[in-house]
Amino acid sequence: MNGMVTLAVLLLAMSLAYRLGRARSLRVAQAAGGVRALHSRPVHYGVLAALWCGVPALVVLLAWAVMGEHVLQSVVAAALPAGWADGMEAFEARVLLDRISAISKGEALAQEGALHALQVQGAAHMAALRQTGQLAVAAVVALLAAGGLWYAYRRIAPALRARNEVETAVRALLAGCSLIAIVTTLGIVLSLLGEAVRFFQFVAPADFFLGTVWEPNFSSADTGAQGGDYGQFGLLPLAWGTLMVSGIALVVAVPTGLMMAIYLAEYAPRGLRSVAKPVIEVLAGIPTIVYGFFALLALGPALHTAGQWLGLEVRAASALTAGVAMGVMIIPFISSLSDDILTQVPRALRDGSYGLGATQSETIVRVVLPAALPGIVGAFLLAASRAIGETMIVVLAAGNSPLLHANPLEAVSTVTLTIVNQLTGDLDFAAPQSLVAFALGLTLFVLTLALNIVALYIVRKYHEQYD
Amino acid sequence: MNNMTEPTAAAPDDDARARLACIRATLARRHARERRFRALGQAAVGFGVLCVVFLFASILYKGVPAFWQAHIAAEVHFDPARIHVPPPPHPHSDETPAQFQERMHRWREQLARAPWEDLLVDALLAHLPPEAAQHRADVARLLTRGERYRVREMLAEDFSLLGKTVALALLADARVDVWYKNAQQANLPDTVRRWAQELRARGALRLQWSSALLMNTDSRASPASAGLAGALVGSLYMMLLVIVLAVPVGVASAIWLEEFAPKNRFTDLIEVNINNLAAVPSILFGLLGAVIFINGLHLPLSAPLVGALVLSLMTLPTIIIATRVSLQAIPGSIRQAALGIGASRVQAVFHHVLPLALPGILTGAIIGVARAIGETAPLLLIGMSAFVSTVPRTPLEPSAALPVQIYLWQGNELRNFFEARASAAILVLLVLMLSLNAFAIWLRKRFERRW
């Protein structure tokens, strides 16, 4: 609440600084012979003044908003009578401090019982501290804002290159934004790596990557305390399940998507193309949970019945069900990528083929497709990477049975499915049962990254051929 | 002349005819192959379209009926002889909000002790033969549990109802609903079914449009009144936050990369990195969120804010790529004209290039956001699979999300009932996503410019 008020005041001050800076630039310009004597437009002087007034103060305000409560809590915790946290778990102490925060803000009442006095005392201390803190922050913010404004105001002169300074600030902001993508990648790699390393302190990497049995014990409470048996964490059954499901998906999606792209790019009349293309792309926009739901609800039972007709035992939730559903999901991905690639093949190649008397299909199969092959392989690899990383369809429709077997009609388990299973519910970052999710995630990341890099390399190289 | 040439012409003529026949045969085969190839293409397109049609038809077929639920018409008497509750407290000027909350809380406890179930059962017994009075427990099971809380809330909101009789359509239990719609699928106990049949025969039990699905939050005790309100609000929070967080940052970094970045190894690295990030499986973003936002920064579990942060990071590359494509589509002559009359590069971009590229940027961004709100897997990993029965007031409170709600409902034990409910939730999610997409397409059609 208080922070909001300060923020509003600061924004007001910034707009005031803008007006002051602009007015001053006009005034100094008049002395020097009119607006044309200024290096930059008056607007730039105004923005410069506003930036100097606002940015340093905003940084302080933001720092208080992010860390203020934390600082208050640690100061109050240090001032509480010694030994207050004895016999408490770390999270209980944190809950108590959060409660003290809430009481001091008037959002809650102190609980009855042993902790009543502690809470009241802590809250009173914290309320006093908070008031001081807020006053101090407000003072610092006011000082910075005024100082910044004064500095910028004094500098305004016809020769000041205000536009360049403002634009440097803008560019720095833009460049900062594009660093976020790098930071995200680093964040993914580091967080996966960090937790995976902790997992490998429990389980040897060889046992994980080469193990053929996936049988973790359920909870850390039963076995973890004795430092004993966590169960077996073998990656291979999951990797094999992933391979099976994505293989089936690609078998469904690649021929269908490719034929679709060929028909739409080469044969279909304009009208049909303009209707069918967006309709099929709707498939790409449907959330994967919907595919999973219908795989479980409609596709699984249908495949089961079809299996009975053929005398086969098909499980409703099996690698086949998940694979087919995933295949349907990937079709538009393949077809739109291939479509782009096919339409890029130069007209001259086709004309040459027709000139030699080839039919359209012969031209496509013998001339266009070979020319487009690198791009299509790239699309195939991107689709494979997407299939490997797909989660919700397998969570719902693959059946979750981490056994090593070669029958696609049986239930399987995959890497992504296991990540979800091991990590939903309570997040216990100390037990191998949940840490294994990060080792699995790391495996998944490396796999998809390799596929993506190869695919992007191939696609890029192909682009250069005809440009 | 003819006689002279005939013998010599006969041989090549035969030869030509044979060749022609051969060509005809191969040509027929080649044309047949051509037709087969074309048919294969048509079949592929047909399959794709069929999948779309099947998906939407089955969502509508399964989901729409969930909006019409079995209700029992009854007249509920708010009997002052059985509801012994004083009028609700009003805030005094000399107490803190927390103290008033405390008094309100105590009043609510008193209110909760009134025999709501009995009042409802009495209302139902009016429709039933007299012997039903001996089976009050079975009659009570006709109604979903949430109805007693609804009646209680009616009184809490409007205390003048005390002593009055109100005609209500009471929501029937989930099993009764399934039985009403399809008697074969239901596992309704015979003792309850008997009274349901009785009510149906008298026309008191009938299907009626129910807003429960949209207006209520999820409920375990009362499945028939479980709704999407919490999930919908959670998803809307996340949508807004993703728009606020990911779109400006994505557009800014695309502008820098496309217009200002020097061409060197570092910017190459950023570019490759963004392309790769766009293809990283979404579940890995969930792992990132679990480690950094939950375990590292101690942000609350299942909060829309955390979900939005994760989804923003996930959507960022999509928005950057879309923005770059639409910036590339603006011809260089626009930039050169601006620079030529003395604009700086920043001015050229912000005054001329960006406004022209804006429709394309917005289209790409909206499509990215629409995809983000349909995402499930990363949300499961940051604790959003928890059962939450409140509508979040701020993005920091625990909340459900639409895709996660679908996931939770499809796994519910009351399968027959929740299949339809989950389909209806899918319907709501798709309506949200498709209207975003339609808006994006409209934007593009309305403002797109070809150069």
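Residues numbered from 1 in each chain as written. Chains lettered and ligands numbered in written order. Predicted model: local features only at pLDDT ≥ 70, side-chain atom pairs only at ≥ 80, totals over all residues. Heavy atoms only, no water.

A. Up close: the overall build of chain B. Counting its secondary structure elements, chain B contains 17 helices and 3 strands. Here the C-alpha atoms of chain B give a radius of gyration of 33 Å, more than 25% beyond the 22 Å that 2.2 N^0.38 yields for 451 residues. Summarising its shape, the C-alpha atoms of chain B cover approximately 125 × 75 × 40 Å along the three principal directions. Within chain B, the fraction of its 451 residues that count as buried is 49%. Across chain B, the fraction of contacts at a sequence separation of at least 24, relative to all contacts at a separation of at least 6, is 76%. Accessible surface for chain B amounts to roughly 21,900 Å². Of this, 60% is attributable to carbon and sulfur atoms. Taken as two groups, the 44 positive and 34 negative side-chain charges of chain B have centres that lie 8 Å from each other. (Helix = DSSP H or I, 4+ residues; strand = E, 2+ residues; numbered from the N terminus. Rg over C-alpha atoms; globule rule 2.2 N^0.38 Å. Buried < 20%, exposed > 50% of the residue type's maximum accessible area, 1.4 Å probe, protein only. Contact = heavy atoms within 4.5 Å. Areas by Shrake-Rupley, 256 points an atom, 1.4 Å probe, with all protein chains shown as cover. Lys, Arg positive; Asp, Glu negative; His and termini not counted. Charge placed at Lys NZ, Arg CZ, Asp CG, Glu CD.)

B. Seen up close, the side chain of T416 of chain A. Considering the arrangement of structural elements, one finds T416 of chain A in helix 15 (residues 415-423). Here T416 of chain A falls in the buried class, since its relative accessible area comes to 1%. Setting aside residues up to four positions removed in sequence, T416 of chain A forms contacts with I388, G389, E390, T391, V394 and L444 of chain A together with I283 of chain B.

C. Geometry of the sheet that holds strand 3 (residues 205-209) of chain B. All names here are of chain B. The strand order across the open sheet formed by 3 strands is 2-1-3, and the pairing between neighbours is antiparallel. Every interior strand has two partners, whereas the edge strands, strand 2 (165-171) and strand 3, have only one. Here the average twist between neighbouring strands, direction ignored, is 45°. Bridge count for strand 1 (residues 68-77) against strand 3 is 5 bridges, and the pairing is antiparallel. (Pairing = 2+ DSSP bridges. Axes fitted to C-alpha atoms, helices over the stretch in contact; angles between N-to-C directions.)

D. Summary view of helix 9 (residues 270-285) of chain A. All names here are of chain A. Helix length check: helix 9 (16 residues) gives 23 Å between terminal C-alpha atoms against 22 Å at 1.5 Å per residue, within 8%. Residues A276, I280 and L283 constitute the buried set of helix 9. Projected onto a plane normal to the axis of helix 9, the buried residues spread over an arc of 25° and lie on a single side. For helix 9, the exposed residues lying more than 90 degrees away from the buried face are R270, S274 and V275. (Expected span 1.5 Å × (residues − 1). Arc of directions from axis to C-beta.)

E. Up close: the domain arrangement of chain A. Once the domains are mapped, chain A shows domain 1 (2-160) and domain 2 (231-466). A separation of 51 Å is found between the C-alpha centroids of domain 1 of chain A and domain 2 of chain A. (Domains from an automatic or database assignment.)

F. Molecular detail of the environment of A229 of chain B. Residue and element names in this part refer to chain B. Mapped onto the secondary structure, A229 falls in helix 9 (residues 229-260). With relative accessibility at 8%, the residue A229 sits in the buried group. Taking the C-alpha atoms as reference points, A229 and D218, 11 residues apart in sequence, are found 7.8 Å from one another. Residues contacting A229, with those up to four places away along its chain left out, are L213, L214, M215, N216, T217 and V391.

G. Just the domain arrangement of chain B, in detail. All names here are of chain B. Splitting chain B by domain gives domain 1 (65-210) and domain 2 (229-447). The distance between the C-alpha centroids of domain 1 and domain 2 comes to 42 Å. Domain 1 puts 8 residues into the contact, and the matching count from domain 2 is 8 residues. Three residues, A66, F67 and A174, lead the burial of domain 1 against domain 2; their summed loss comes to 50% of the area buried on that side. Linking domain 1 with domain 2 are 0 salt bridges. Joining domain 1 to domain 2, the criterion identifies 1 residue pair in polar contact (both at pLDDT 80 or more). The dominant element in the side of domain 1 that touches domain 2, judged by the number of residues it contributes, is helix 6 (residues 174-181), at 4 residues. Partitioning the side of domain 1 that touches domain 2 into residue classes produces 4 nonpolar, 2 polar and 2 charged. (Buried area = accessible area lost by both parts, 1.4 Å probe. Salt bridge = Lys/Arg side-chain N within 4 Å of Asp/Glu carboxyl O. Polar contact = N/O pair within 3.5 Å; in protein donor to acceptor, adjacent residues only side chain to side chain. Nonpolar A, V, L, I, M, F, W, Y, C, P; charged D, E, K, R; others polar.)

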